Amino acid sequence: MTLLQEAYSLMQGQPEKNIQLIVELLQTMSPRGDGTAKMSSEVFKRTGLAKKAVNLPADFDEAFDALDKDIEELFYGEAL
């Protein structure tokens, strides 16, 4: 079964309200230039898409990744 066939079969089982929500979501995600999706197309590694430019330091990813141990300790307590 292709992705299109699977999507079609899943859509057939949805109530009308759900289909309307799905259509609205797809319209929002559409890259067309009619103003429905005015988000910046620039993707940041950690922050996703942003409406306004986010100025992160050049070493943001490395500094964020360096916090892995600290974040783990917050959830699980001090490492053994």
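Residues numbered from 1 in each chain as written. Predicted model: local features only at pLDDT ≥ 70, side-chain atom pairs only at ≥ 80, totals over all residues. Heavy atoms only, no water.

Asker: Requested: an account of the overall build of the protein, with residues and values cited.
Answerer: Along the backbone of the protein there are 4 helices and 2 strands. Mapped from its N terminus to its C terminus, the protein presents α and β elements in the order α-α-β-β-α-α. Taking all 80 residues of the protein together, 5% fall into the buried category. Split by element, the accessible area of the protein, about 7,500 Å² in all, is 59% carbon and sulfur. (Helix = DSSP H or I, 4+ residues; strand = E, 2+ residues; numbered from the N terminus. Buried < 20%, exposed > 50% of the residue type's maximum accessible area, 1.4 Å probe, protein only. Areas by Shrake-Rupley, 256 points an atom, 1.4 Å probe, with all protein chains shown as cover.)

Asker: Describe a nonpolar patch on the surface, with residues and values.
Answerer: A cluster of nonpolar side chains, Leu67, Ile71, Leu74, Phe75 and Tyr76, forms an exposed patch at the surface whose accessible area comes to about 630 Å². Position of Leu67 relative to the elements: it lies in the loop between helix H3 (60-66) and helix H4 (68-76). Overall, Leu67 belongs to the partly exposed group, its relative accessible area being 40%. (Patch = residues over 30% accessible without salt bridge, like charges linked within 9 Å, V, L, I, M, F, W, Y side chains within 5 Å. Salt bridge = Lys/Arg side-chain N within 4 Å of Asp/Glu carboxyl O.)

All quantities given are derived from atomic positions and should not be read as evidence of function.
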